[in-house]
Amino acid sequence: MRTNVVAWGWCLCVALAACGAPRVREERVVPVTLREEGWLPENRARIERVIATLGAREGRRVAVFDWDNTMMRGDIGDLVLAHLIERGAIAEGAIPRDDAMLGEAAHAALAGARDATERGRVVAHLAWRGTTPEGEPAFTVPMAPFYRSTYGVIAQVLAAGRTDDALRAIAREAFAAASAAPVGTREVIGGVEVERFARLHVPMIELARALESVGVEVWIVSASPEPIVQALAEIAGLAPARVIGVRMQHDGSGRGTARFEACGEGALATPVMTWLEGKRCWINRAIFDVPAARQRMRQEDPALRPVLVAGDSDGDLAMLQDATELRIVLDRQNVRLMCNALASGWLVQPLFVDPPPPRETPYPCSTHEDALGRVVDADGRAIGDR
């Protein structure tokens, strides 16, 4: 793993003028210099200008980062699930029979599993392929603006019957093993091939610390279960208290259940988890204390939106669109996200560890369609191929 260092110091007022920042008290100016290693030079320069501007401002400033494949290369939810399947630790009845998100074929497959090995095989296919081991569709609603069923299954299976402290301990074990594995390692778990390596994206961790150094609140908002992301944030030296992940209800003994905590007001066809517009809802609720009736909406007041957001997947699109100053996209070639990023001039940065090969054909922004519909920008307008 590369070791980068963030160096910063007090700056003269002339540096503010170069950054285009408003006149402020000199003692508040704390520009930050990021090490060159890892960043594209134009991206590093752009980020430094924005940090200098943010550091010169009065009032509350909030930055929001996704975790999986943004702050680290790899997915901690996938790694913890693989860790549990490998050890035969998938509990019977982790997903209740009345769960409406699973289709009849998925419920039947879970009910028919005779032991932990078979349960692990069923869960592996539900979580990573969206099907039963026999290839039948697993979900009644595979993907919606506030919910993604494959991620939901992982959260349910991990949380059910476990305390948050137990999950944090499991996450530390899984991350330690994945960090020791060679970059690019893939293994077959429960009949499905998945990545089994992880590395912190050190330049992103340093960016978060640089923002903190100029008074910007740094929050993590992830579609992985909250306790396991808290464990990794602590490893990275970031505040676990400022992590928002998938939140599950707990029973009277403090153990997690398969029921999701609510966000916003009024009934929906799906739970509201930290995925796509659900990330927006949880940011509004947990960071900005927006009233429940408005939590699912994009806020018009810029004071109730992050100044900077970083993410890597289609599930990060809503919160990236909400950023007021800078949107950083780690390029994993997600069509919906990359169409928005390229059309709107967002900062696009290759992954720092094991990036995919450069794309050689345009993104089919004008024709791409999935369960979320056609590709559009924040104002609902179509996007041409990029």
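This one's a predicted model, so the numbers in the text were calculated from it and none came from an experiment. (Residues numbered from 1 in each chain as written. Predicted model: local features only at pLDDT ≥ 70, side-chain atom pairs only at ≥ 80, totals over all residues. Heavy atoms only, no water.)

Novice: Explain the sheet that holds strand β14 (residues 308-311) here, please?
Specialist: The strands making up a sheet associate through backbone hydrogen bonding, with each pair oriented either parallel or antiparallel. In spatial order, the strands read β11-β10-β3-β14-β15-β16; together these six strands make up an open sheet with parallel pairing. Single-partner strands in this sheet number two, and they are β11 (243-246) and β16 (347-350). Across the sheet, the axes of successive neighbouring strands diverge by a mean angle of 15°, strand direction being ignored. Note that strand β3 (residues 62-65) and strand β10 (residues 217-225) share four bridges and pair parallel. What sits directly across from Val 64, in β10, is Trp 219. Sheet strands in contact with helix α10 (residues 277-287) are β3, β10 and β11, and its direction is about 135° off that of β10. (Pairing = 2+ DSSP bridges. Helix = DSSP H or I, 4+ residues; strand = E, 2+ residues; numbered from the N terminus. Axes fitted to C-alpha atoms, helices over the stretch in contact; angles between N-to-C directions. Contact = heavy atoms within 4.5 Å.)

Novice: Explanation requested: the packing of helix α3 (residues 76-86) against helix α5 (residues 116-128) in the structure shown.
Specialist: Axes are the key here: two packed helices are described by the angle between their axes and the distance separating the axes. It is at 10 Å that the axes of α3 and α5 come closest, and there the two elements cross at 165°. Relative to α5, the element α3 lies roughly antiparallel. Crossing handedness for the pair α3 and α5: left-handed. In contact with Asp 78, Leu 81, Ala 82 and Ile 85 of α3, α5 contributes Gly 120, Val 123, Ala 124, Ala 127 and Trp 128. Of the residues that constitute the contact of α3 with α5, the class distribution is seven nonpolar, one polar and one charged. (Parallel < 35°, antiparallel > 145°, perpendicular 65-115°, else oblique. Left-handed = near helix turned anticlockwise from the far one by under 90°. Nonpolar A, V, L, I, M, F, W, Y, C, P; charged D, E, K, R; others polar.)

Novice: Looking at this structure, how should I read the pairing of β16?
Specialist: The side chains of a regular strand alternate, residue by residue, between the two faces of the sheet. Both strand β15 (residues 326-331) and β16 contribute to a ladder of four bridges, which runs parallel. Paired with Asp 331 across the two strands is Pro 350, which belongs to β16. In this fold, β15 hands off to helix α12 (residues 335-344), which returns the chain to β16; that crossover is right-handed. (Right-handed = clockwise from strand over helix to strand, strands pointing away.)

Novice: It is not clear to me how the state of the cysteines should be interpreted in this structure. Could you clarify?
Specialist: Linking two cysteines covalently via their sulfur atoms produces the bond known as a disulfide. In total, this model carries two disulfides according to the counting rule given. Two residues, Cys 339 and Cys 365, share a disulfide whose sulfurs are 2.0 Å apart. Because the torsion about its S-S bond is -90°, the bridge between Cys 339 and Cys 365 counts as left-handed. Here the residue Cys 339 occupies a position in helix α12, and Cys 365 occupies one in the loop between β16 and β17 (369-370), the gap between them amounting to 26 residues. An identical accessibility class is assigned to Cys 339 and Cys 365; each is buried. Across the protein chain, the way the bonded cysteines pair up, counted in sequence order, is 1-2, 3-4. (Disulfide = S-S within 2.5 Å. Buried < 20%, exposed > 50% of the residue type's maximum accessible area, 1.4 Å probe, protein only.)

Novice: What is the right way to read the packing of helix α2 (residues 41-55) against helix α8 (residues 202-213) from this model?
Specialist: One can describe the packing of α2 onto α8 by two numbers: an axis separation of 9 Å at closest approach and a directional angle of 25°. The orientation of α2 relative to α8 falls into the category roughly parallel. Seen from above, α2 lies across α8 with right-handed handedness. Contact with α2, carried on its side by Ile 47, Ile 51 and Leu 54, involves Leu 207, Ala 210 and Leu 211 of α8 and no other residues of that element. Across the contact of α2 with α8, the residue classes break down as six nonpolar, no polar and no charged.

Novice: Could you clarify how one ought to interpret the pattern of salt bridges in this entry?
Specialist: Between side chains of opposite charge, pairing is possible as soon as their charged atoms come close. Within this structure, the stated rule accounts for 24 salt bridges. A salt bridge links Asp 98 to Arg 259; its shortest N-O distance comes to 3.1 Å. Placement of the pair is Asp 98 in the loop between α3 and α4 (104-112) and Arg 259 in strand β13 (residues 256-260), with a sequence separation of 161 residues. Look at Asp 98 and you get exposed, because its relative accessible area is 54%. Asp 370 is the partner of Arg 336 in a salt bridge, and the nearest nitrogen-oxygen pair spans 2.7 Å. Taken together, the residues Arg 336 in helix α12 and Asp 370 in strand β17 connect sequence positions 34 residues apart. Residue class for Arg 336 comes out buried when judged on its relative accessible area of 5%. In this structure Asp 370 comes out as partly exposed when scored by relative accessible area, which is 26%. One connected set of salt bridges, linked through shared partners, spans Arg 73, Arg 186, Glu 193, Glu 195 and Asp 354. (Salt bridge = Lys/Arg side-chain N within 4 Å of Asp/Glu carboxyl O.)

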